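In case you want the letters, here they are:
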Amino acid sequence: MSWRGSTTFPERIFACLPYLLPLIEVFAFGQFLMNDFPLLKLIFLPLFPLLKIYYGVRFAGMIIFFALWLLVVRNEKIHHFIRFNTMQAIILDIVIFLCSILTDIVKLVPGSGFAMQTLFTTIFMGILAAVVYSVAQSLMGKYAEIPAISDAVHMQVP
């Protein structure tokens, strides 16, 4: 969907940046997959400095979450395209949080090793696919429409 007008190249880049948040958050869910496929770590090598900062600073996730929400999504002076993608990244982050609650519950079941590994890998691949799709669409200047998530974004970003 590109009904809100055209976007400039800098706007496209700024629309992609918030997707670093769900990408960093979901990295922990990729541990089983990265252990099985060590070459996959090479793809995420550029994120390692950000991961160290993110997990090294207490409450960094919450600070970034609220900063994006208050300073970008709620600021109507910022182009709608950037606000839409920022809100979509925030909702993907919320999905990761909800999935982490689910995994904590599944961990309580004895003998759930294979189920945990499958659940972690599924969450990792799903969020990774959503982020790659959204970034690719953003770079092309198009709105990334993800079922249910984009509907929630449209309700939050008029």
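The present account deals with the structure reproduced in this document. Because the structure is predicted, anything quoted here is derived from the model rather than measured.

**A few points about the packing of helix α6 (residues 60–73) against helix α7 (residues 80–107)**
Here's step 1: Their axes nearest at 10 Å, the elements α6 and α7 cross at an angle of 155 degrees. Classed by the angle they form, the pair α6 and α7 counts as roughly antiparallel. Considering how the two elements wind past one another, α6 and α7 form a crossing that is left-handed. Along its contact with α6, which presents Phe 65, Leu 68, Trp 69, Val 72 and Val 73, the element α7 presents Ile 82, Arg 83, Thr 86, Met 87, Ile 90, Asp 93 and Ile 94.
Here's step 2: Taken together, the residues that form the contact of α6 with α7 break down as nine nonpolar, one polar and two charged.

**So, helix α1 (residues 9–16)**
Here's step 1: Buried within α1 are the following residues: Glu 11, Ala 15 and Cys 16. Taken down its axis, α1 places every buried residue within 140 degrees of arc, on the same side.
Here's step 2: Elements that come into contact with the buried residues of α1 comprise α2 (20–26), α7 and α8 (113–139).

**Some details on the packing of α7 against helix α9 (residues 149–156)**
Here's step 1: Packing of α7 against α9 brings their axes to within 9 Å, and their N-to-C directions diverge by 125 degrees. By the angle between their axes, α7 is oblique relative to α9. Between α7 and α9 lies a crossing of right-handed hand. For the pair formed by α7 and α9, the contact residues are Phe 84, Met 87, Gln 88, Ile 91, Leu 92 and Val 95 on the first element and Ile 149, Ser 150, Ala 152, Val 153, His 154 and Gln 156 on the second.
Here's step 2: Considering only residue class, the contact of α7 with α9 consists of eight nonpolar, four polar and no charged.

**Details of the nonpolar core**
Here's step 1: Judged by nonpolar contacts, the single largest core of 44 residues is most densely connected at Val 26, Phe 29, Phe 44, Met 87, Leu 92, Phe 124 and Ile 127.
Here's step 2: Mapped by element, the contributors of at least two residues to this core are α2, α3 (31–36), α5 (48–56), α6, α7, α8 and α9.
Here's step 3: Of all the elements, α7 adds the most residues to this core, at 11 residues.
Here's step 4: With residues up to four places along the chain from it excluded, the contact list for Phe 29 reads Ile 96, Cys 99, Ser 100, Thr 103, Phe 120, Thr 121, Ile 123 and Phe 124.

Parameters at a glance
- Residues numbered from 1 in each chain as written.
- Predicted model: local features only at pLDDT ≥ 70, side-chain atom pairs only at ≥ 80, totals over all residues.
- Heavy atoms only, no water.
- Axes fitted to C-alpha atoms, helices over the stretch in contact; angles between N-to-C directions.
- Helix = DSSP H or I, 4+ residues; strand = E, 2+ residues; numbered from the N terminus.
- Parallel < 35°, antiparallel > 145°, perpendicular 65-115°, else oblique.
- Left-handed = near helix turned anticlockwise from the far one by under 90°.
- Contact = heavy atoms within 4.5 Å.
- Nonpolar A, V, L, I, M, F, W, Y, C, P; charged D, E, K, R; others polar.
- Buried < 20%, exposed > 50% of the residue type's maximum accessible area, 1.4 Å probe, protein only.
- Arc of directions from axis to C-beta.
- Core = buried A, V, L, I, M, F, W, Y, C linked by side-chain atoms within 4.5 Å.

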